[in-house]
Structure formats: C-alpha cells, structure tokens
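Coordinate inspection notes
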Amino acid sequence: MRIAILALIALAAVPLASYLVEALRRRPSTPPRLEWAPDIPVRWVEIGGSRLRYIVAGSGPPVVLLHTLRTQLDIFQKVIPALSRRCQVYALDYPGHGYSDIPDAEYSPELFVRAVRGFLDTLDITEAVVVGESIGGTIGLLLAARHHRGVRAVVAINPYDYDAGRGLRRSSSLANLLFGLNGVPIIGATVMRMRSYPVENHIFQGGVRRKGSLPPGLTREMHAVGNREGHYLAFMSLVGHWPEWEEVRAEYGNIGVPVLLLYGDHDWSRGAERDADRQAIPGARMQIVPEAGHFLSIDAPDEMVRNVLEFLEGLDGEG
C-alpha cells in the first residue's frame, strides 16, 4: 500500500514539475534582422488582430512562400536568394509560429487560411504564385479552390492532407510516440512542457533525407521559438486539429488555376496519397524530386528553385 501511494505521488509530481520547467524556460527576444540575410528588412503586418512577421525580397512576378507546421519563414533561407533574383518573394510566419503573435485560438486549417488570405488582401498581392510546403501547400490549394484573387497558380510541395493529418508521425518512431500522446489528458501536455532540444532536433531531422541539410542555427532557433509563452499550447491545438487537413481535400475539385504538385521521393506521404491529390485537382501536374524529404526547401533547394522557375516560365508561355 505504501509503495502504491509513493508511486502515485511520484506520478503526480511529474506534471507539476513540468509546469515549473515551462515557467523557467528562457523566452527568446525577437531578432531585429535575419541572421542568414541581414539586408532583407523584417516587416510586420496586423491581420485579424495579430501581428505577423514577414519579409519581401526582389522584384518581378509575385511569389508567396508558405512554410510547414512548427517552422517559420526562415525555412526558406536557401531558396529566397535565388528566387528573389527573378521574382518578388514574400514569406511570413503564421499565427503561433516563428515570431508572429500567438493568439488564444483554435489552430484549425481555417485559422491559417484566414491569416494568409488576410495577408494577401492587406498587402494587395494579386496574381501571385503561391508556393507552399506541407500545410502551406494545402493552404495554397484551399485559397485556389475558393478562387482568391491573389492566387494565379499554386506549387504545392508535399501537401499535408492525408492519413487524418498524421503525416508527421511517420517521420520517426519517436515522433510517432510523442504525437500519439498529444491528445491524452495530462500526459500529452506534460510531455510537451518537458520538451528538449535533442528531442526536437531529432524530430526536425525526420523531415530531411540528405545528411547535413538542416542548418544547426535554424533548428536551434526553432527550438528557442518554441519557448515563447503560449507556443506549445498553440502547437498542441494544431495537432488536435490534424484530421481537418485531410477533410479539406473535398474542395480540391473547385480549383481552376494551374497546379504543380512537387514531392520529395522520401516525403511522409505515400504514392497512393499523392496520386489521390493529382486526380482530385483538375489539370494538376506532379513532379518527384529524388533523394529528398518533407522539408524540400532545405533538403533540395536547387531542385525546388528550378521546378518553381520552370513552372513560372510555363505560366508566362501560356499567357
């Protein structure tokens, strides 16, 4: 009996300790400039009551870059310099991501679609090619399905719209375990509060195929960003809404603009899931990048840039 009581006390102590760990975390300050591109000004815009961080680089036809879940605009650091030599490139941090505000909200697909739609409207971006990675690809496809004036065409890179949104759980056995616990009362939040850099870095590495492709400074910064107040709760909400990312595929049949589906051959999606998207989107083209994973912009930046620019040239030829 005494052992059982002590075990219960120990079990109760872990969640309580996790609150202390979270309270003692060092909150990162917002950097005034980009470490990888100090000459590109950091800008801010208010959308739906939240301040969002964004950048603009280059000149030419507009291209809007939309990042993956749990990352930020800096994931495009390898492709922005090349794209901005030919295009006017926009990139932003979603609500609850990077250094944008973390509103007390449900982090459903609609939150992200509204934020990006508001971004396009507020900055008066029209006829843009939306290049989205993971949930960014799905957001771009939804905006196209809803005929937003800002979307001329979409490059959807490894869109996150299959297996009830559990794609990230396929990245590693550790990710499968941790995100499987997300919805378990008490335990899920406790695990999230006890997060550590080695664990998060391991999960980030599950998004790439090529060794050394993830810049250490980027993974360190994304871990630090996760220490912002309310960040882990926003991420837990996003994970809780994962099934809805597959449900929105029902709208793909309404897309009437050119679409390129670009997949890394080692993306978490499977062949049948990729083919389902190609068949659901009228006229969609599909391209596979060899030896590349989910974070294509980091893992295979040259191939991503080449495919995007060739797609743009094709659009100009059609015009």
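What you are looking at is a predicted structure, and each value in this text was computed from that prediction instead of being measured.

A few words on the environment of Asp74. Here Asp74 lies in the loop between β3 (62-66) and α2 (80-83). Residue classification places Asp74 among the buried residues on the basis of a relative accessible area of 2%. For Asp74 and Asp93, which are 19 residues apart along the polypeptide, the C-alpha to C-alpha distance reads 8.8 Å. Residues in contact with Asp74, not counting those within four places in the same chain, are Leu34, Trp36, Arg53, Leu218 and Glu221.

So, about the sheet that holds strand β2 (residues 50-57). Strand order in the open sheet formed by eight strands is β1-β2-β4-β3-β5-β6-β7-β8, with mixed pairing between adjacent strands. The open sheet has two free edges, formed respectively by β1 (43-47) and β8 (285-289), since each of these has just one partner strand. For this sheet, the mean angle separating the axes of adjacent strands, direction not counted, is 25°. For strand β6 (residues 151-157) and strand β7 (residues 259-264), the ladder comprises four bridges, and the chain directions are parallel. Of the residues in β7, the one forming a bridge with Val155 is Leu260. Set on the sheet, helix α4 (residues 135-145) makes contact with β3, β5 (128-133), β6 and β7; between it and β6 the angle comes to about 150°.

One face of the sheet, then the other: side chains in a regular strand alternate in exactly this way. In terms of burial, β7 is a largely internal element, six of the six residues being buried. Burial along β7 is two-sided: the face carrying Val259, Leu261 and Tyr263 and the face carrying Leu260, Leu262 and Gly264 are both buried. Relative to β8, β7 is paired through five bridges, and the arrangement is parallel. Residue pairing for β8: Leu262 is matched across the bridge by Gln287. Once the chain exits β7 it traverses helix α11 (residues 271-280) before rejoining the sheet at β8, and the crossover so formed is right-handed.

In low-pLDDT segments, the atomic positions of the prediction should not be examined closely. Confidence in the prediction of the protein chain, expressed as mean pLDDT, is 95, and 96% of residues score 70 or more. At the level of individual helices and strands, the protein chain shows its lowest average pLDDT in helix α1 (residues 2-23), which scores 74, and its highest in β3, which scores 99.

For the structure on display, the rule yields 10 aromatic pairs. On the numbers, 5.4 Å between centres and 75° between planes, the contact of Tyr94 with Phe112 is edge-to-face. Taken together, the residues span a long stretch of sequence, with Tyr94 in the loop between β4 (88-92) and α3 (109-122) and Phe112 in helix α3 at a distance of 18 residues. A residue is classified by how much of its surface remains accessible, and Tyr94, at 0% relative accessible area, is buried. Judged by relative accessible area, which is 0%, Phe112 ranks as buried. With centroids separated by 5.8 Å and ring planes inclined at 80°, the aromatic side chains of Phe179 and Phe235 adopt a geometry described as edge-to-face. Residue Phe179 is located in helix α5 (residues 173-180), and its partner Phe235 is located in helix α9 (residues 231-240); the two are separated by 56 residues in the primary sequence.

This brings us to the pairing of β6. The element β6 is extensively covered by neighbouring structure, given that six of its seven residues are classed as buried. In terms of strand pairing, β5 meets β6 through six bridges, oriented parallel. Within the sheet, the bridge partner assigned to Val129 lies in β6 and is Ala153. The parallel pair β5 and β6, bridged by α4, forms a crossover whose chirality is right-handed.

Reading the values: rules and limits
- Residues numbered from 1 in each chain as written.
- Predicted model: local features only at pLDDT ≥ 70, side-chain atom pairs only at ≥ 80, totals over all residues.
- Heavy atoms only, no water.
- Helix = DSSP H or I, 4+ residues; strand = E, 2+ residues; numbered from the N terminus.
- Buried < 20%, exposed > 50% of the residue type's maximum accessible area, 1.4 Å probe, protein only.
- Contact = heavy atoms within 4.5 Å.
- Pairing = 2+ DSSP bridges.
- Axes fitted to C-alpha atoms, helices over the stretch in contact; angles between N-to-C directions.
- Right-handed = clockwise from strand over helix to strand, strands pointing away.
- pLDDT = per-residue confidence, 0-100.
- Phe/Tyr/Trp six-rings, centres within 6.5 Å; stacked < 30°, edge-to-face > 60°.

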